[in-house]
Amino acid sequence: MPLPVVVKSLSKTYREGKLEVSAVAGVDLELYAGEIVGLFGPSGSGKTTLLSMLGCMLKPSGGEFSLFGNDVIAREEAALSALRKQYISFIFQAFNLFPALTAFENVMLVLKLKKVAPSLASKKARELLEVVGLKGRVDFLPRDLSGGQKQRVAIARALAADAPLILADEPTGNLDHENGRTVMEILKTLASEQGRCVVVATHDNRIDDLFDRLIHMEDGRIVSERRWDQ
Amino acid sequence: MFYVALKIILYDKLRSFFTLLGVVFAVSLIFAQVGILLGLMETSSVVIDNTPGDIWVTSKNSRNFDFAHPFPEYLLYHALGVDGVQWAEKVIIGWGVMKQVNGGQAQVEVMGFNPSTGVGGPWDMKEGSIGDVKNGNFMIVDESATKRIGDFKIGDYRDVMFRRIRIVGISRGVRSFTTAPILFTSYHLAQELIDYVGRDKTVFLIVKAKEGHATSKVVEALRHRLKGVDVFSREDFSTKTRLYWIFETGVGVSFLLTILVSFFIGMLIVGQTIYNSTMEHIKEFGTLKALGAGNGDIYSIILFQAAINAFAGYLVSLVFTMLTVKLYEAGGMVMVMKWEVNMAVLLVTMIMCLSSAVFSIRRIKNIDPAMLFRG
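Residues numbered from 1 in each chain as written. Chains lettered and ligands numbered in written order. Predicted model: local features only at pLDDT ≥ 70, side-chain atom pairs only at ≥ 80, totals over all residues.

**Q** What exactly am I supposed to notice about the overall build of chain B here?
**A** A count of helices and strands for chain B gives 13 helices and 12 strands. Over its C-alpha atoms chain B spans a radius of gyration of 29 Å, topping by over 25% the 21 Å that the globule rule assigns to 375 residues. In terms of principal-axis extent, the alpha carbons of chain B reach across some 95 × 50 × 30 Å. The buried share of chain B, taken over its 375 residues, is 44%. Here the contacts in chain B between residues at least 6 apart in sequence split such that 80% fall between residues at least 24 apart. (Helix = DSSP H or I, 4+ residues; strand = E, 2+ residues; numbered from the N terminus. Rg over C-alpha atoms; globule rule 2.2 N^0.38 Å. Buried ≥ 20, exposed ≤ 12 C-beta atoms within 10 Å, placed from the backbone. Contact = placed C-beta atoms within 7 Å.)

**Q** Explanation requested: the nonpolar core in the structure shown.
**A** One recurring pattern in soluble globular proteins is that nonpolar side chains are buried together. Counting 117 residues, the largest nonpolar core has L39(A), V107(A), V198(A) and V199(A) as its most contacted members. Not counting chain neighbours up to four residues away, the residues in contact with V107(A) comprise A125(A), L128(A), L129(A), V153(A), A156(A), R157(A) and A160(A). Core analysis: the next-biggest nonpolar cluster, separate from the first, contains 56 residues, V108(B), L189(B), I194(B) and I206(B) among them. (Core = buried A, V, L, I, M, F, W, Y, C linked by C-beta atoms within 7 Å.)

**Q** How should the interface of chain B and chain A be read in this particular structure?
**A** How large an interface is tends to be reported as the accessible area lost when its parts come together. Of the residues lining the interface, 20 residues belong to chain B; the matching set on chain A comes to 27 residues. Looking at which element gives the most residues to the side of chain B that touches chain A, the answer is helix α10 (residues 282-290) of chain B, with five residues. When its residues are assigned to classes, the side of chain B that touches chain A shows 11 nonpolar, five polar and four charged. (Nonpolar A, V, L, I, M, F, W, Y, C, P; charged D, E, K, R; others polar.)

**Q** Just checking my understanding: could you explain helix α12 (residues 339-356) of chain B for this structure?
**A** Residue and element names in this part refer to chain B. Its 18 residues give α12 an end-to-end C-alpha distance of 25 Å, which sits within 8% of 26 Å, the value for a rise of 1.5 Å per residue. Every buried residue of α12 is accounted for by V345, V348, T349, M352, C353 and S356. Projected onto a plane normal to the axis of α12, the buried residues spread over an arc of 125° and lie on a single side. Opposite the buried face of α12, by more than 90 degrees, sit the exposed residues W339, E340, M343 and L347. Each element contacted by the buried residues of α12 is listed here: α2 (13-44), α9 (251-280) and α11 (295-330). (Expected span 1.5 Å × (residues − 1). Arc of directions from axis to C-beta.)

**Q** Looking at this model, I keep getting lost on the environment of L10(A). Mind explaining?
**A** Residue and element names in this part refer to chain A. Looking at the secondary structure, you find L10 in strand β1 (residues 5-16). Classification of L10 as buried rests on a count of 25 C-beta atoms within 10 Å. Taking the C-alpha atoms as reference points, L10 and D176, 166 residues apart in sequence, are found 34 Å from one another. In contact with L10, not counting residues within four places along its chain, are V24, V27, M53, P60, G63 and F65.

**Q** Explanation requested: the sheet that holds strand β6 (residues 88-91) of chain A in the structure shown.
**A** To summarise the sheet geometry, strands pair through backbone hydrogen bonds and adopt either a parallel or an antiparallel arrangement. Residue and element names in this part refer to chain A. Spatially, six strands are ordered β6-β7-β8-β3-β9-β10 in an open sheet, and the strand pairing comes out mixed. Two strands lie at the open edges of the sheet, namely β6 and β10 (221-227), each paired on one side alone. The sheet shows a mean angle of 20° between the axes of neighbouring strands, direction not considered. Bridge count between strand β3 (residues 36-40) and strand β8 (residues 197-201): four bridges; the pairing is parallel. Along β8, the bridge assignment pairs V37 with V199. Strands β6 and β7 (165-169) of the sheet are contacted by helix α5 (residues 147-160), whose axis makes an angle of about 175° with β6. (Pairing = 2+ DSSP bridges. Axes fitted to C-alpha atoms, helices over the stretch in contact; angles between N-to-C directions.)

**Q** Help me understand the domain arrangement of chain B in this model?
**A** Segmenting chain B into domains produces domain 1 (2-43 + 250-373) and domain 2 (61-227). Taking only C-alpha atoms into account, the centre of domain 1 of chain B sits 47 Å from that of domain 2 of chain B. (Domains from an automatic or database assignment.)

**Q** Would you mind showing me how to read unusual backbone geometry here?
**A** Most peptide bonds take the trans configuration, and most residues that are not glycine carry a negative phi. Residues and elements named next belong to chain A. Backbone geometry places S9, a non-glycine residue, at a positive phi of 50°. Along the polypeptide, S9 turns up in strand β1. Phi angles above zero are rare outside glycine, and D162 is one such case at about 55°. What makes D162 partly exposed here is the crowd of 16 C-beta atoms within 10 Å.

**Q** Looking at this structure, I do not really get the pairing of strand β9 (residues 182-186) of chain B. What am I missing?
**A** Each regular strand displays side chains that alternate between the two surfaces of the sheet. All names here are of chain B. For β9, the tally of buried residues reaches five of five residues, placing the bulk of the element in the interior. Relative to β9, strand β4 (residues 105-113) runs parallel, the two being bridged by five bridges. The partner of F113 across the bridge, within β9, is S186. By the bridge criterion, two bridges tie strand β6 (residues 138-142) to β9 in an arrangement that is antiparallel. If you follow V141 over to β9, its bridge partner there is L183.

**Q** Is there a simple way to explain the pairing of β3(A) in this structure?
**A** Residue and element names in this part refer to chain A. Along β3, five of the five residues are buried, which leaves the element largely enclosed by surrounding structure. Across the two faces of β3 the burial is the same, with I36, G38 and F40 and V37 and L39 all buried. Bridge count for β3 against strand β9 (residues 213-218) is four bridges, and the pairing is parallel. Opposite V37, over in β9, you have R213 as the bridge partner.

**Q** When you look at the packing of α11(B) against α12(B) in this model, what are you seeing that I'm missing?
**A** Relative orientation and spacing of two packed helices are given, respectively, by the angle between their axes and the distance between those axes. Residue and element names in this part refer to chain B. Contact pair α11 / α12: the axes reach a minimum separation of 8 Å and the direction vectors enclose 145°. Of the two elements, α11 crosses α12, and the hand of that crossing is right-handed. Along the contact surface, α11 presents L303, A306, A307, N309, A310, G313, Y314 and L318, while α12 presents N342, L346, T349, M350, M352, C353, L354 and S356. Classifying every residue of the contact of α11 with α12 by side-chain character gives 11 nonpolar, five polar and no charged. (Left-handed = near helix turned anticlockwise from the far one by under 90°.)

Put into structure tokens, the structure is as follows:
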């Protein structure tokens, strides 16, 4: 089984007028199934850019990138979309739930996009909402849910995509400590019990203990990497 | 995706209401303009379309029904001698004036026909019969003339071209494009009333082709035989008259311009609403893309929103227009509503709303995925 992610000398440069800005510069990284990895660093350190590239949403400027054995660098947008559909799921700080759809419908939408049969999709959506502790909130609109509950719906939606790689950008950024910790515990369970690879970009040092591996970035480079137990 | 589009529309009720109002405004205007334009077209050729006979012979270069010139009557006999002609009748249409009961004058069109055959006479009588105009100063007036000449009834007298004429019948459905009332008299009385026609001249010959003879062949034969006149099939003369009034007078162009403006107003309203809605949901759409949805999946949500707006707006407009048809008629206008017209307006509404979604689709196509990571 190929590793979820193998990147070598991955880089991303932007042009700002005449200046060339290096957002990610020569990152080497391997990610494994069943682990939850924390990507730390100050604003502008390159962690969101790295996450965008790992999610096949931003084309790298250079380097090598293998996603479950597939070479990402040479692919066009349509092929990247297909890779995302097969392997990657996302959780965002801002939840990005459709306000007009209930928690259940938001999850169902992804299952419909995956062409899951309606009866099976309905059962799965309810199960996923139960997994994230929202059994009693399935028919609530996002406006009637707390921030933590919204993020849990977003996690259920990400799980509906049934992807082996979950990328989360500041998933606790809009949550209080208690809700943030609950969300992170769900993500950790997904990694440890379901064998998914979860990468979380965060500023939140209070949840360090929930990561298997901590990667620290500065100026577009990985400056330190350690396991939690080290 | 239809369900998602519907939910988005129902969620923001106020915005959806105003969008619906905009579509209803634009589509009702299109319905009204198309209906009235078609009504005018039908009115302009209503006599031709309802007169029996397959062929109309007119003076040379006549451009429409209402302003044809006289030509010699004896051509009737030439026409009757043409192979394939079953019968031919003389009909006069000319302009005159009627003295109003309360003073003043109203312009009228006098139509003279042979009351024995009824060819060129009214086709739907409300009161009296077409034979009543025989042998005297008698006329049939259409019920729609009340707006121009005031209330009247059978037995009333009116002065037409300074001659006292008795109303002996009331017809239905005879309107002219010019809005001047059409009065039906015997052929000979019309000849006397419209002095510029003259005693030995007619304005039209109406010809019936024998069974088994193609109208086009008989038209050709008549063209060959009759000199100094034009010969048209009934359909061609009807179309010629309609096109004259609608396009050569500029009436049609002004209607078409209003329809076009309504189309763009509707497009603008729906386009702006859908674009705003798309922008509000841009991160949600982006998230769907990130989760593997193709552009087509997201386009379908946007297009369904446009289609729902179009269909709902169309239905409300259709009901509104159906309810207001009587109002138009009370105002003296003919408003045509046919299923073909309704389908055409539905198509126009769909095009209007779906094309308005193009800006939203462009926006979706160019979503920057990195935007999703910006909190």
